[in-house]
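What follows is each chain in one-letter form.
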Amino acid sequence: MTRFAGKFDPIQLRSGGVGSNAGSAADAVSVGEAFSSIRDSSPKFDEIANSAMVNASAEKQAQIAADATIEAAEIGLEGQKASAAAQEKGAMFGAIGSIAGAAIGLSDESTKHTVDTIEDALETLRNLRPVTFFYKEEYSASPERMHHGFIAQEFQKEMPDATYYDENIGKLCIDTTDLIGLLVRANQQLETRLTRLEAKQALAAV
């Protein structure tokens, strides 16, 4: 049986066999350079994380700005709707006021024909139903205010010529200025009746 004549040297095994310390140093340098190269070529995780945070912040700011733009647009739209409704309401009451103003102002004899004296105003006034009422919010700037007047559908039955349909607002309206003549005539009728009654009482006392 043949024996191995050499001496076992752990240092030589660690250095890759028989060699010098210079070889070991060279191997160490090569390993260091390899790790350095790997480190340099590996992803920059800290830079990636910072970039991701910046992007996330930018996206969040963009979303906030978009939400604010949408909210402002919605508010603007609601404002436009309210303004349009107010303008429509103002136009409606303006049209009614213009009609009433024209009726009150235009009374020259040269503008009229077939002028007759009212014979019996009491009968017409007796059949009218005076009421108190409140306008709905969409038809009045002061819906809490109580008004005195008539219902156009009822008024039309007794005074059809003083009732008209306004196409601008799509509602039935009345010209209450026609009541002025009736009220004056009714007062005259009552005074006449009172005078006759007083005369009868005076004769009866003689």
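Since the structure is predicted, the reported quantities are computational estimates derived from the model, not experimental observations.

### Notes on a negative patch on the surface
- Side chains of D67, E71, E74 and E78 sit close together on the surface and give a patch of like negative charge.
- Mapped onto the elements of the fold, D67 is located in helix α3 (residues 45-105).
- Residue classification places D67 among the partly exposed residues on the basis of a relative accessible area of 40%.

### Brief notes about the packing of aromatic side chains
- One pass over the structure, following the stated rule, counts two aromatic pairs.
- With centroids separated by 5.2 Å and ring planes inclined at 55°, the aromatic side chains of F150 and F155 adopt a geometry described as tilted.

### What to know about the environment of Q188
- Along the chain, Q188 falls in helix α6 (residues 178-205).
- Among the residues examined, Q188 registers a relative accessible area of 38% and is labelled partly exposed.
- As for Q188 and L122, which are separated by 66 residues in sequence, their C-alpha atoms are 9.9 Å apart.

### Notes on unusual backbone geometry
- Notably, T114 is not glycine yet its phi reads approximately 55°, a positive angle.
- Along the polypeptide, T114 turns up in the loop between α3 and α4 (121-126).

### Remarks on the nonpolar core
- Within the largest apolar cluster, 11 residues are counted, these being A121, L122, L128, A152, F155, M159, A162, I174, L179, L182 and A186.
- With three residues, α6 is the single largest residue contributor to this core.
- Setting aside residues no more than four positions away along its own chain, L122 makes contact with A186, Q189, L190 and R193.

### Re the pattern of salt bridges
- Scanning the entire structure with this criterion turns up two salt bridges.
- With a shortest N-O distance of 2.7 Å, R126 and E123 are connected by a salt bridge. Linking R126 with E123, this pair stays in helix α4, spanning three residues, or about one helical turn.
- Judged by relative accessible area, which is 38%, E123 ranks as partly exposed.
- Where R129 meets E154, a salt bridge forms, and the shortest distance between an N and an O atom there is 2.8 Å. Here the residue R129 occupies a position in the loop between α4 and β1 (131-134), and E154 occupies one in helix α5 (residues 152-158), the gap between them amounting to 25 residues.
- Residue classification places R129 among the partly exposed positions, given a relative accessible area of 46%.

### Let's talk about the confidence of the model for the protein chain
- This prediction gives the protein chain a mean pLDDT of 78; 63% of its residues lie at or above 70.
- Summarising per-element confidence for the protein chain, the mean pLDDT is lowest in helix α1 (residues 10-14) (48) and highest in β1 (97).

### Topic: the pairing of strand β4 (residues 171-174)
- Pairing between strand β3 (residues 163-166) and β4: four bridges, direction antiparallel. When the sheet's bridge partners are listed, Y165 is paired in β4 with L172.
- The turn joining β3 and β4, which pair antiparallel and follow one another in sequence, is formed by four residues; a positive phi near 70° is taken by G170.

### Here we look at α6
- With 28 residues, α6 should reach 40 Å at 1.5 Å per residue; the first-to-last C-alpha distance of 42 Å fits that figure.
- Within the span of α6, buried status applies to L179, L182, A186 and Q189.
- Check the buried side of α6 and you find it contacts α4 and α5.

Reading the values: the criteria
- Residues numbered from 1 in each chain as written.
- Predicted model: local features only at pLDDT ≥ 70, side-chain atom pairs only at ≥ 80, totals over all residues.
- Heavy atoms only, no water.
- Patch = residues over 30% accessible without salt bridge, like charges linked within 9 Å, V, L, I, M, F, W, Y side chains within 5 Å.
- Areas by Shrake-Rupley, 256 points an atom, 1.4 Å probe, with all protein chains shown as cover.
- Salt bridge = Lys/Arg side-chain N within 4 Å of Asp/Glu carboxyl O.
- Lys, Arg positive; Asp, Glu negative; His and termini not counted.
- Charge placed at Lys NZ, Arg CZ, Asp CG, Glu CD.
- Helix = DSSP H or I, 4+ residues; strand = E, 2+ residues; numbered from the N terminus.
- Buried < 20%, exposed > 50% of the residue type's maximum accessible area, 1.4 Å probe, protein only.
- Phe/Tyr/Trp six-rings, centres within 6.5 Å; stacked < 30°, edge-to-face > 60°.
- Core = buried A, V, L, I, M, F, W, Y, C linked by side-chain atoms within 4.5 Å.
- Contact = heavy atoms within 4.5 Å.
- pLDDT = per-residue confidence, 0-100.
- Pairing = 2+ DSSP bridges.
- Expected span 1.5 Å × (residues − 1).

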